[in-house]
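Structure assessment
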Amino acid sequence: MNPAWQTFLRDRHAVIENDSVVHFGNITTELQETPTTTVMADLSHHRIIRFSGEDAKTFLQNQVSCDIREINPNQAQYGSYCTPKGRILATFLLWQHHDDLLMQLPAGLSAAIQKRLTMYVLRAKVRLTDASNDLIRIGIAGPDAALLIKDVTGLSCHFDHPLHVTHDGVQSALCLSPQRIELITSIENAALLWQRFDQHAKPVGMDCWNWLNIESGIPVILPETQEMFLPQMVNLDAIGGVSFKKGCYPGQEIVARTQYLGKLKRRMFLAHIDSTQTIKAGDALYSNDMEDQSSGNIVNATPSPQSGFDVLAVIQQSSVDNGEIHWQSLQGPTLEIKSLPYSLPA
């Protein structure tokens, strides 16, 4: 986290641990108000890798699952970076910033992913740098998010196309959904924007933003879940994070084979778990039809505004169809499956 930005947030009562804002005084109240109130969150728990140079797009096209040709100054993409066996090492959000490409991914993965990608640069004219401290990211969410962004910044969000980006040279608004927008700006501009937003939006910690992400059905691979899933298992094909028309990239053959041979048996579901115990990414799930074998795993979990935990979980489709899914053991709490905000491909 940018040191000057950290000081600014602490002066406004932010509790910060490991360069991430935990809360602004009362995490329980913040969570309870997040579903219905306009909120704002610092997004420093994600970091940014900048790809610059004339070969940046070509280089990434050969490395990631999404089609880089679809990214332009007004269009972002979700995507994944996989092993040669098609297992996801990282999911990310990717957009264009001036002539560069910016990849946003969890802080716990960014350094290792940057190092791994750098190994494959070879003679390509592309440079990878950590831009996390150069660009401050503020999440605005709620029923008045788009209107507030326009009033404060003058930027108008357009939701005709998912992940539309609008900008004015000083700041950019990445329109994740009609009620969830990410603002990207410089450290010099961020403090003034925060103060103006603070008059109309409630500051909240990262768990609140993570909950909104889970409710949107957007998977975030963490260190605990690296190499567990194929891109389709976490629904990346449903949110534009996988292209089946582009050329080769690590794992492409297995990802394509899974798609065209119809061998996908596990999908990601949105669910609630009524438990006072902490639910964590990577936790195993069980169902009677699989006996003592795991029928799935937690992808992401965060405390729910209604108590318990809300989760994204990859689960055996047959187990969901045939009976109850339990956390950690057949005697564990039951998952209440909820509807995702998007349709899954047939």
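Everything numeric here is computed off the predicted structure, so don't read it as measured data. Throughout this description, residue numbers start from 1 for each chain and increase along the sequence as written. Restriction of local features to residues with pLDDT of at least 70 applies here, the model being predicted, together with a cutoff of 80 or more for giving and counting side-chain atom pairs; totals for whole chains, interfaces and linings are based on all residues. Only heavy atoms go into the side-chain values, all of them from the structure, while hydrogens and water stay out.

1. Some points on helix H4 (residues 107–118)
The criterion, for reference: Think of it this way: any DSSP run of H or I at least four residues long counts as a helix, any run of E at least two long counts as a strand, and we number them from the N terminus. Each residue after the first adds 1.5 Å to the expected span of a helix. With a 1.4 Å probe rolled over the protein chains alone, any residue whose accessible area is under 20% of its type maximum counts as buried; one over 50% counts as exposed, and the rest are partly exposed. Here the arc refers to the directions that run from the helix axis out to each C-beta atom. Two residues form a contact once any of their heavy atoms are found within 4.5 Å.
Compared with the 16 Å implied by 1.5 Å per residue over 12 residues, the 17 Å span of H4 between its first and last C-alpha is a close match. Listed in full, the buried residues belonging to H4 are Leu109, Ser110, Ile113, Gln114 and Leu117. Around the axis of H4, the buried residues are gathered within 130 degrees of arc, so they sit on the same side. Away from its buried face by more than 90 degrees, H4 exposes Gly108, Ala111, Ala112 and Lys115. Elements in contact with the buried residues of H4: strand S4 (46–52), helix H3 (56–61), strand S5 (77–82), strand S6 (88–97), strand S7 (100–106) and strand S8 (127–130).

2. Concerning the environment of Asn2
In this fold, Asn2 is placed in the segment before helix H1 (3–10). Judged by relative accessible area, which is 11%, Asn2 ranks as buried. Put simply, Asn2 and Gln75 are 73 residues apart on the chain and 27 Å apart in space, counted from C-alpha to C-alpha. If we skip the residues at most four places from it in the chain, Asn2 touches Asn133, Ile136 and Ile187.

3. Points about the sheet that holds S4
Formally: Only strands joined by at least two bridges in the DSSP assignment are considered to pair. The angle between two axes is taken between their N-to-C directions and runs from 0 to 180 degrees, where each axis is a line fitted to C-alpha atoms and a helix contributes only its stretch in contact.
Ordered by their spatial adjacency, five strands build an open sheet running S5-S6-S7-S4-S8, and the pairing between neighbours is antiparallel. Each edge of the open sheet is held by one strand with a lone partner, namely S5 and S8. The average angle at which neighbouring strand axes cross in this sheet is 30 degrees, direction not considered. Pairing of S5 with S6, which is carried by six bridges, proceeds in the antiparallel orientation. Along S6, the bridge assignment pairs Cys82 with Ile88. In the packing of H4 onto the sheet, contacts are made with S4, S5, S6, S7 and S8, and the angle to S7 comes to roughly 135 degrees.

4. Side note on the UniProt feature "domain: GCVT N-terminal" (unreviewed entry) in the chain
The following threshold applies: UniProt positions are given in the numbering used here, feature names are shortened, and annotations may be inferred rather than shown by experiment.
UniProt's feature table lists "domain: GCVT N-terminal" (unreviewed entry) at residues 25–238, given in the numbering used throughout. Note that residues 25–238 is 26% helix and 31% strand, and that its end C-alpha atoms are spaced 37 Å apart.

5. Quick look at the packing of aromatic side chains
In plain terms, the rule: Only centres within 6.5 Å qualify two rings of Phe, Tyr or Trp (six-membered ring in Trp) as a pair; their planes then separate them into stacked at under 30 degrees, edge-to-face at over 60, and tilted for everything else. Only lysine NZ and arginine CZ atoms are considered, and such an atom sits over a ring when it is within 6 Å of the ring centre and within 35 degrees of the ring normal.
All chains considered together, the criterion is met by four aromatic pairs. Between Trp5 and Phe8, the ring centres sit 5.1 Å apart and the planes meet at 15 degrees, which makes this aromatic pair stacked. Here Phe8 and Trp5 lie together in helix H1, a separation of three residues that amounts to about one turn. The rings of Trp5, Phe8, Phe24 and Trp194 are connected pair by pair, giving a single aromatic cluster. Note that Arg180 overlies the ring of Trp209, its terminal NZ or CZ placed 5.2 Å from the centroid.

6. Observations regarding the sheet that holds strand S11 (residues 171–177)
The six strands lie next to each other as S10-S11-S12-S9-S3-S13, forming an open sheet whose pairing is mixed. Pairing within the sheet leaves two strands with one partner each, and these edge strands are strand S10 (164–167) and strand S13 (202–204). Averaged over all pairs of adjacent strands, the angle between their axes in this sheet comes to 25 degrees, without regard to strand direction. Inspection of the sheet shows strand S3 (residues 39–42) paired to strand S9 (residues 135–141) by four bridges, in the antiparallel sense. Bridge pairing links Ala41 to Gly139 in S9.

7. Describing the layout of surface pockets
Stated formally: A cavity here means a set of points on a 1 Å grid, drawn over the protein atoms and nothing else, where a 1.4 Å probe fits but cannot get out; a pocket is an open set with protein on both sides within 12 Å along at least five of seven lines, and a residue lines either one if it has an atom within 4 Å of a point. Grid points are joined across faces, edges and corners, and a volume is the space filled by probe spheres set on the points. Basically, the charged four are Asp, Glu, Lys and Arg, the nonpolar ten are Ala, Val, Leu, Ile, Met, Phe, Trp, Tyr, Cys and Pro, and anything else, Gly included, counts as polar. Boundary definitions for the domains trace back to an automatic or database domain assignment.
Reported here for the largest pocket is a volume of approximately 780 Å³. Of all the secondary-structure elements, those providing two or more residues to the lining of the largest pocket are strand S2 (20–23), H4, helix H7 (206–215) and strand S16 (296–303). Here the lining of the largest pocket is built from residues that sort into 14 nonpolar, 10 polar and four charged. Inspection of the lining of the largest pocket shows a minimum of three residues originating in each of domain 1 (1–218) and domain 2 (223–337). The computed volume of the second largest pocket comes to approximately 500 Å³. Lining of the second largest pocket is provided by 23 residues; of these, Leu176, Ser177, Pro178, Arg180 and Ser216 occupy positions nearest its centre. When residues of the lining of the second largest pocket are traced back to their parent elements, those giving at least two are S11 and H7.

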